[in-house]
Amino acid sequence: MATKKKSSSRRSRTRKYGRAAGKSVKSAMHREKKGTLRSGQGGKGGRVKSRKQAIAIGLSEARKKGAKVPKKHAS
């Protein structure tokens, strides 16, 4: 009698980021492309120029809205 091997790629995993978080990041990326995304408290800082910064701002906005986003890691 042959035993079935469980494939590691078929294992069900939960999403790290929720769909709302993805929408928030997408929105931030569009604003960065348009040149209207700004950093700092209340958007009073300078214009965002890097993709990394746009993604970070999008995730931060998603956290504030209560979307499913992993906690920030100290780097």
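Residues numbered from 1 in each chain as written. Predicted model: local features only at pLDDT ≥ 70, side-chain atom pairs only at ≥ 80, totals over all residues. Heavy atoms only, no water.

Draft legend 1. Examining the pattern of salt bridges more closely. As enumerated under the stated definition, the model contains one salt bridge in all. One salt bridge connects Glu61 with Arg31, and the closest N-O pair in it is separated by 2.8 Å. Here Glu61 is found in helix α2 (residues 51–65), whereas its partner Arg31 is found in helix α1 (residues 19–34), with 30 residues between them in sequence. (Salt bridge = Lys/Arg side-chain N within 4 Å of Asp/Glu carboxyl O. Helix = DSSP H or I, 4+ residues; strand = E, 2+ residues; numbered from the N terminus.)

Draft legend 2. Quick peek at the side chain of Glu32. Position of Glu32 relative to the elements: it lies in helix α1. Within the buried set, Glu32 has no salt-bridge partner at all; the shortest N-O distance to an opposite charge, 5.6 Å, is to Arg51. Ignoring sequence-local partners within four residues, the contact set of Glu32 consists of Leu37, Val48, Lys49, Ser50, Arg51 and Ala54. (Buried < 20%, exposed > 50% of the residue type's maximum accessible area, 1.4 Å probe, protein only. Lys, Arg positive; Asp, Glu negative; His and termini not counted. Contact = heavy atoms within 4.5 Å.)

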